[in-house]
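Structural features, examined
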Amino acid sequence: MRNSLRGKVAIVGVGQSPTGRVPGRSPLDLTAEATLNALADANMQKSEIDGVLTGNAFASSFHRFSVALSEYLNIQPSYSNTLQVSGATAGAAVNTAAAAIHAGLADTVLVACGDSLLTGMTPDMAIRAMTESRDQQYEMPFGIPVANTFAMTAHRHMKQYGTTSEQMAKVAVTFREHASRTPGAQKTELITVDDVMNSKMVTSPYHKLDCSLISDGAAALILTSAERALDYTDTPIYILGGGEYYSHEHIFLMPDLTQTGAVQSAQKAYDMAGISASDLDVAGIYDCFTGTVLMMLEDLGFCKKGESGSFVEDGQITYGGKIPTNTHGGMLSYAHPGIPAAWFHFIEVVRQLRGSCGERQVDNAELGIVHTLGAGFSTQATTILGAGSTR
Amino acid sequence: MSEAIKNVLTKPLPTPDGDSQALWDGLKNGKLLLQHCDDCGHVQYYQQGMCRLCQSTKLRHQAASGKGTIYSYSVVYRAPGPAFKDDVPYAVLLVQLEEGPRMISSLVGKNFDALDFDVAVRLTTAAISDEISLPYFELVD
Ligand SMILES: [Zn+2]
């Protein structure tokens, strides 16, 4: 691969704000707190940040959130952008930050995002944000929330491969079990497959407990060049590969409802890293809905097409299984403040690869994947992360 | 009432643009116009200034037969906003049109028990304002 960034950039600091229900804090304030915590984690001064990449916030949005955040913290970066590829923004921002560092546009990039979907918005604002993310002429008039686009893919998967609602529910049950061991998780009481099946139907085949939470919260990552990384930490986590794919905008132009652009996104990242799915020890997979995770397990290469339901039932996405996934609890149980949600997947995989997860630790975790996606599988971004031994 | 709150309480009303004016004009007359490319034969929905496959501008508008099948669907029980509260439950459909393209629409009526993959549906239209009629689908008995 031409001029690959494999092993050239590392995550040296991670930090977050309180998550869950955090009233009275603006998205910028939460994001600034997460940044200060990431700086402390990296033993770094804020003056050393010369690049800032963020997503935007719904609760109080800025056209240039990354620039507003810089002013809030009184830093003046020489590289900045506010990215928008929906749920894939986290992965896209990390990949882009790594590329910018590798190319010399910046030395040290803050990748941060925060929002207060739960307490920072009136119900009207929240609803507006939800309905207005689909096309105003061809989708919105029919009352199609974004949840509905994901629901239709899951429904078709059930039809085509015999996937069941119980198998989807098992994803929620597994991640709740993970969250029960994670300090700060929003939902920690254990649930059963029956609990999921008996929760209210939202948009078929998804029940309430098949859907991600609504939360407040922010998270920040600090990336720098591999040469500098050891100045800040003994356990830099290296970017080994990145890939993205953008297959369509409208759900009715998705080429195949049951196979997504995650196939291409992941393949590119695997090729760059020089690995395959079976080499991975731990995963963070964007879990806006339970069925989303099933389809990603197939498309990322952890199991064959159509077999994700039994893969999850067999315990393959938890400790002792093939690929322990979302060990923090994910968006289904840890937190889902909107666009920032997938930042927590990055933080968790970094902590797993550092070996600092305590009772949540996956044994001998050296290679990890974070896969983020959005907008009815329109946007896909994969990042492969590795401990020092894998570089 | 503030503009923002009014927007939340009323259903989204499509605003035709240069690409889509013909489609909305057609729907007002009960016709769903698809674009047929004279250069490569591609049939497309939605309307664009050029063919999505070959970028030719030789596009002909031709009314769809109105025949299709259900490629996927989801019955919405929790309304996406106050404007849809009186409508729930309703079924959003991903319709496979006979001519090739797929489109998003919703089901006329609430006969959800009869909903299934690949069953036949046919087009109908209904005015939601003076300027805009929406394409809906009903089950074929
Ligand atoms: Zn053409």
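Quick caveat: nothing in here was measured; it's all calculated off a predicted structure.

**Digging into the sheet that holds strand β1 (residues 9–16) of chain A**
All names here are of chain A. Spatially, 9 strands are ordered β3-β2-β4-β7-β1-β8-β11-β10-β9 in an open sheet, and the strand pairing comes out mixed. With one partner strand each, in any of the chains shown, β3 (79–82) and β9 (282–285) form the two edges of the open sheet. The average undirected angle you get between the axes of adjacent strands in this sheet is 25°. Both β9 and strand β10 (residues 367–374) contribute to a ladder of 4 bridges, which runs parallel. Bridging from a neighbouring strand, V282 pairs with G368 of β10. Lying on the sheet, helix α9 (residues 262–273) is in contact with β8 (237–246), β10 and β11 (379–386); it crosses β8 at an angle near 150°.

**Some words on helix α1 (residues 27–41) of chain A**
All names here are of chain A. The first and last C-alpha atoms of α1 sit 21 Å apart over 15 residues, in line with the 21 Å expected at 1.5 Å per residue. The complete set of buried residues in α1 reads P27, L28, L30, T31, A32, A34, T35, A38 and L39. Buried residues along α1 sit against β1, α2 (65–72), β4 (108–116) and β7 (216–225). After α1 finishes, the residue N43 shows a positive phi value of roughly 50°.

**Brief notes about the domain arrangement of chain B**
Quoted interface sizes are often the accessible area lost when the parts come together. Residue and element names in this part refer to chain B. For chain B, the assigned domains are domain 1 (16–63) and domain 2 (65–141). A straight line from the C-alpha centre of domain 1 to that of domain 2 covers 21 Å. At the interface, 11 residues of domain 1 touch 14 residues of domain 2. Where domain 1 abuts domain 2, roughly 1100 Å² becomes buried across the two surfaces, and 71% of that area is made up of carbon and sulfur atoms. With a shortest N-O distance of 3.3 Å, K28 and E131 are connected by a salt bridge.

**With respect to the layout of surface pockets**
Where empty space is left can be seen by rolling a probe of water-molecule size over the atoms. Put simply, the second largest pocket is a space of about 300 Å³. Classifying every residue of the lining of the second largest pocket gives 9 nonpolar, 2 polar and 3 charged.

**Remarks on the packing of helix α3 (residues 89–102) of chain A against helix α13 (residues 341–354) of chain A**
Helix packing for two helices is described by the angle between their axes and how far apart those axes are. Residue and element names in this part refer to chain A. It is at 8 Å that the axes of α3 and α13 come closest, and there the two elements cross at 55°. When the interaxial angle is binned, α3 and α13 end up oblique. Only A342, W343 and F346 of α13 make contact with α3, whose side of the interface consists of T89, A90, G91, A93 and V94.

**Describing the coordination of the zinc ion**
All names here are of chain B. Binding of the zinc ion to the protein goes through C37 (SG), C40 (SG), C51 (SG) and C54 (SG), at separations of 2.3 to 2.4 Å. Considering all 4 donor atoms around the zinc ion, the spread of angles at the metal, 104 to 114°, places the coordination shape in the tetrahedral class. Here the donor residues of the zinc ion are spaced in sequence according to C-x2-C-x10-C-x2-C. Residue C51 is classed as buried on the basis of its relative accessible area of 1%.

**Some points on the state of the cysteines**
Such a bond, covalent and formed between the sulfur atoms of two cysteines, is termed a disulfide. All names here are of chain A. The final tally for this structure, using the stated rule, is 0 disulfides over all chains. Cysteine C113 shares no disulfide, and the gap to the nearest cysteine sulfur, in C288, comes to 16 Å. By relative accessible area, C113 is classed as buried at 0%.

**What about a positive patch on the surface?**
A cluster of basic residues, A:K187, A:K200, A:K208 and B:R78, forms a positive patch at the surface. In this fold, A:K200 is placed in the loop between α7 (193–198) and β5 (201–203).

**Digging into the side chain of A:H248**
Residue and element names in this part refer to chain A. Structurally, H248 can be placed in the loop between β8 and α9. A polar side-chain atom of H248 sits 2.8 Å from a polar atom in the side chain of S247. Only 3.2 Å separates the side chain of H248 from the backbone oxygen of G376, close enough to count as a polar contact. Here H248 is in contact with L253, M254, P255, G376, F377 and S378, once residues within four sequence places are set aside.

**Topic: the nonpolar core**
Generally speaking, nonpolar side chains in soluble globular proteins are found buried as a group. Grouped together as the largest cluster of nonpolar side chains are 160 residues, with contacts concentrated most on A:L223, A:Y270, A:L297, A:F302, A:L385, B:L32 and B:L115. If you tally residues by element for this core, the top one is α13(A), at 9 residues. The two domains that each donate at least three residues to this core are domain 1 (16–63) and domain 2 (65–141) of chain B.

**Notes on empty space enclosed by the protein**
Under the definition given, this model contains 1 cavity of 30 Å³ or more. Taken as a whole, the largest cavity holds about 40 Å³ of empty space.

**Side note on the packing of α1(A) against α2(A)**
Residues and elements named next belong to chain A. At a closest axis distance of 10 Å, the pairing of α1 and α2 adopts a crossing angle of 65°. Classified by the angle their axes make, α1 and α2 are roughly perpendicular. For the crossing formed where α1 meets α2, the hand is right-handed. Across the interface between the two elements, P27, L28, D29, T31, A32 and T35 of α1 pack against F65, A68, L69 and Y72 of α2. Residue classes in the contact of α1 with α2 are distributed as 7 nonpolar, 2 polar and 1 charged.

**Thoughts on the interface of chain A and chain B**
Residue-level contacts link 33 residues of chain A with 43 residues of chain B. A buried area of about 3400 Å², summed over both sides, lies between chain A and chain B, and 62% of it is on carbon and sulfur atoms. For chain A, the biggest contributors to the area lost against chain B are A:Y138, A:F142 and A:F252; these three give 22% of the whole. Across the contact surface, chain A and chain B share 2 salt bridges. Going through the elements one at a time, α4 (123–131), α5 (146–161) and β5 of chain A are the ones with two or more residues in the side of chain A that touches chain B. Residue composition of the side of chain A that touches chain B, by class: 18 nonpolar, 9 polar and 6 charged.

What counts and what doesn't
- Residues numbered from 1 in each chain as written.
- Chains lettered and ligands numbered in written order.
- Predicted model: local features only at pLDDT ≥ 70, side-chain atom pairs only at ≥ 80, totals over all residues.
- Heavy atoms only, no water.
- Pairing = 2+ DSSP bridges.
- Helix = DSSP H or I, 4+ residues; strand = E, 2+ residues; numbered from the N terminus.
- Axes fitted to C-alpha atoms, helices over the stretch in contact; angles between N-to-C directions.
- Contact = heavy atoms within 4.5 Å.
- Expected span 1.5 Å × (residues − 1).
- Buried < 20%, exposed > 50% of the residue type's maximum accessible area, 1.4 Å probe, protein only.
- Domains from an automatic or database assignment.
- Buried area = accessible area lost by both parts, 1.4 Å probe.
- Salt bridge = Lys/Arg side-chain N within 4 Å of Asp/Glu carboxyl O.
- 1 Å grid on protein atoms, 1.4 Å probe; cavity = no way out; pocket = protein on both sides within 12 Å on 5 of 7 lines; lining within 4 Å.
- Points joined across faces, edges and corners; volume = space filled by probe spheres on them.
- Nonpolar A, V, L, I, M, F, W, Y, C, P; charged D, E, K, R; others polar.
- Parallel < 35°, antiparallel > 145°, perpendicular 65-115°, else oblique.
- Donors = N, O, S within 2.8 Å, 3.2 Å for Na, K, Ca; no water.
- Tetrahedral: all angles 85-135°; square planar, octahedral: opposite > 155°, others 65-115°.
- Disulfide = S-S within 2.5 Å.
- Patch = residues over 30% accessible without salt bridge, like charges linked within 9 Å, V, L, I, M, F, W, Y side chains within 5 Å.
- Areas by Shrake-Rupley, 256 points an atom, 1.4 Å probe, with all protein chains shown as cover.
- Lys, Arg positive; Asp, Glu negative; His and termini not counted.
- Charge placed at Lys NZ, Arg CZ, Asp CG, Glu CD.
- Polar contact = N/O pair within 3.5 Å; in protein donor to acceptor, adjacent residues only side chain to side chain.
- Core = buried A, V, L, I, M, F, W, Y, C linked by side-chain atoms within 4.5 Å.
- Left-handed = near helix turned anticlockwise from the far one by under 90°.

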